[in-house]
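# Architecture and fold: a report
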Protein chains: 2
Amino acid sequence: MKPKTAAAQVGRPRGFDVDEALDRALRLFWRQGYEGTSLSDLTEQLGINRPSLYAAFGNKESLFRKALDRYVERHLVLYRDAFDRPTARAAVEHLLLGLADAQTLPREPKGCITVQGALVSGADAAPIQGELAARRAAGEQALRERIEQGQREGDVPAHVDCADLARYFTTVSQGMAVQAATGASREDLRRVARTSLLAWPPA
Amino acid sequence: MKPKTAAAQVGRPRGFDVDEALDRALRLFWRQGYEGTSLSDLTEQLGINRPSLYAAFGNKESLFRKALDRYVERHLVLYRDAFDRPTARAAVEHLLLGLADAQTLPREPKGCITVQGALVSGADAAPIQGELAARRAAGEQALRERIEQGQREGDVPAHVDCADLARYFTTVSQGMAVQAATGASREDLRRVARTSLLAWPPA
DNA sequence: CTACATCTATACCAATCGGTACACATCCCG
DNA sequence: CGGGATGTGTACCGATTGGTATAGATGTAG
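These notes cover the structure that comes with them.

Definitions and cut-offs
Residues numbered from 1 in each chain as written. Chains lettered and ligands numbered in written order. Predicted model: local features only at pLDDT ≥ 70, side-chain atom pairs only at ≥ 80, totals over all residues. Heavy atoms only, no water. Contact = heavy atoms within 4.5 Å. Buried area = accessible area lost by both parts, 1.4 Å probe. Salt bridge = Lys/Arg side-chain N within 4 Å of Asp/Glu carboxyl O. Polar contact = N/O pair within 3.5 Å; in protein donor to acceptor, adjacent residues only side chain to side chain. Helix = DSSP H or I, 4+ residues; strand = E, 2+ residues; numbered from the N terminus. Least-squares fit on C-alpha atoms with pLDDT ≥ 70 in both. Near = heavy atom within 4 Å. Nonpolar A, V, L, I, M, F, W, Y, C, P; charged D, E, K, R; others polar. Axes fitted to C-alpha atoms, helices over the stretch in contact; angles between N-to-C directions. Parallel < 35°, antiparallel > 145°, perpendicular 65-115°, else oblique. Expected span 1.5 Å × (residues − 1). Buried < 20%, exposed > 50% of the residue type's maximum accessible area, 1.4 Å probe, protein only.

### Quick notes on the interface of chain A and chain B
- Of the residues lining the interface, 37 residues belong to chain A; the matching set on chain B comes to 37 residues.
- For the pair chain A and chain B, the summed buried area comes to about 3000 Å², and 63% of that belongs to carbon and sulfur atoms.
- For the pair chain A and chain B, the number of links is four salt bridges.
- Between Asp164 of chain A and Arg191 of chain B there is a salt bridge, and its shortest N-O distance comes to 3.1 Å.
- The tally of links between chain A and chain B comes to 13 residue pairs in polar contact (both at pLDDT 80 or more).
- Of all the secondary structure elements, the ones that give two or more residues to the side of chain A that touches chain B are α1 (18-32), α6 (113-116), α7 (126-153), α8 (162-182) and α9 (186-197) of chain A.
- Sorting elements by how many residues they give to the side of chain A that touches chain B places α8 of chain A first, with 14 residues.

### Looking at the relation of the copies chain A and chain B
- Relative to chain B, chain A is turned by 180° and slid 0.0 Å along the rotation axis, the superposed coordinates differing by an RMSD of 0.0 Å. Considering both components of the superposition, the chain copies are consistent with a two-fold axis. By C-alpha distance to the rotation axis, the residue of chain A lying nearest is Gly175 of chain A, at 1.8 Å.
- Most of the interface of chain A is mirrored in chain B, where 100% of its interface residues are also at the interface.

### Digging into the protein's contact with DNA strand C
- Around DNA strand C, 23 residues are found, and the nearest of them are Leu39 and Tyr54 of chain A together with Gly15, Asn49 and Ser52 of chain B.
- In the environment of DNA strand C, a base oxygen lies 3.3 Å from a nitrogen or oxygen atom belonging to the backbone of Gly11 of chain A.
- Within the residue set of the surface near DNA strand C, elements represented by two or more residues are α2 (39-46) and α3 (50-57) of chain A together with α3 (50-57) of chain B.
- Among the elements that line the surface near DNA strand C, the one with the most residues is α3 of chain A, at three residues.
- Tallied by class, the residues present in the surface near DNA strand C amount to eight nonpolar, ten polar and five charged.

### Notes on the protein's contact with DNA strand D
- The immediate surroundings of DNA strand D are formed by 23 residues, with Gly15, Asn49 and Ser52 of chain A together with Leu39 and Tyr54 of chain B found nearest.
- Near the protein, meaning within 4 Å, the atoms of DNA strand D are sugar or phosphate in a fraction of 65%, with bases accounting for the rest.
- Within the side chain of Ser38 of chain B, a nitrogen or oxygen atom sits 3.4 Å from a phosphate oxygen of DNA strand D.
- One of the backbone nitrogen or oxygen atoms of Leu39 of chain B is found 2.6 Å away from a phosphate oxygen of DNA strand D.
- The set of elements that each furnish at least two residues to the surface near DNA strand D consists of α3 of chain A together with α2 (39-46) and α3 of chain B.
- It is α3 of chain B that contributes the most residues to the surface near DNA strand D, three residues altogether.

### Some points on the packing of α2 of chain B against α3 of chain B
Residue and element names in this part refer to chain B.
- Where α2 contacts α3, the two axes come as close as 10 Å, and the packing angle between them is 95°. Overall, the two elements α2 and α3 adopt an arrangement that is roughly perpendicular. Contact residues: α2 offers Leu39, Ser40, Leu42, Thr43 and Leu46, while α3 offers Arg50, Leu53 and Tyr54.
- Tallied by class, residues from the contact of α2 with α3 come to five nonpolar, two polar and one charged.

### Focus: helix α9 (residues 186-197) of chain B
- End to end, α9 of chain B covers 17 Å across twelve residues, agreeing with the expected 16 Å (1.5 Å per residue, within 8%).
- By the burial criterion, the buried members of α9 of chain B are Asp188, Leu189, Val192, Ala193, Thr195, Ser196 and Leu197 of chain B.
- Residues of α9 of chain B that are buried in the fold lie against α8 of chain A together with α5 (88-102) and α8 (162-182) of chain B.

So this is what it looks like as structure tokens:
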């Protein structure tokens, strides 16, 4: 058996930066959706020709998944920051306002790729559609657990149904993504987020 | 110049019902989105071959628009019913609960075609994307005007920003569409709707 | 019946889709 | 200088895309 520290640099080196290429692919999928982005769009925008793209990332579907991973990874710090707040309500407020910002970043596509990447699709894109649905469900589940933690710690009233509350705020954040994709401003979204918080259950 | 009451029945009659074909097309676009629905999907599902479809409805884009018109027309009665309620708050409540039902009809695709028909897209579908955005904006505008009416009539506090409130509830309804497309139940959506109403501005 | 208008069916179009074969270029190792 | 491993570029693949030409089928009008 050969050593696992395989030769790092053998053969002709890559002519492009893998991470930057992934970022560009992410932006394309984000702005046009999975089905709306063609291989020609990708090769043109990444400045890479087709065989290089396939050698580096596999097929279109696996390229999307790799780009999506980067996207989700960046959002994890937002969730972590938010959930570190002392109360569930503060966590939700931080999360929603943070999402309002993330969905209206100046030089990035507007909205959220987990919503607009493949909300519905034809049969070919069904696996991607399912993957995105699973990511959204994971976010909702994480939020629910944070609210349940608040309930255990006493800052959320005992009578509250945490699953319902998590679903409500998740729904608001997904609606914000639709609004962002349609051109709503960051301030618009932040107002929506703050209004939604008025529904927080009173003590 | 020939009389405008053109011969109604001359030549070989149609072998299919136009309205039923439009309904089937609507369901396809609704479930798979504009880009995710191919001409082959359509001809197969409608039981019509290609030239007949083009003769009756024009190209794919105009077929989508005709199907969309039927969809929107059906929702107009919901909006009318809701807006006839005596107060703005009752109107919004009726509207949101009605949308929860409309997005989870038993034998229909889940969600809302104005959201999932083409939330984002490639360049070809940009006109459809814009059309759907315009329809969503029209719904938000109508809701805003109903809330403003409530403000004039005194059932909405004078300090309330009606545009903000309309945007908030529109955002909730669009988030509900995302949830519905992902498989949320009617009861789930109704609970979300009722929770969102807790944010209604107190008198 | 014939003449005409309309719809249907088959078969096709150029363009694009996602994906790949293959020759060549460029690196490290010896 | 090879030799082997890897990446790049061109040119291509079969399948599918949206859309149409054309011939035949089926109706009304005279």
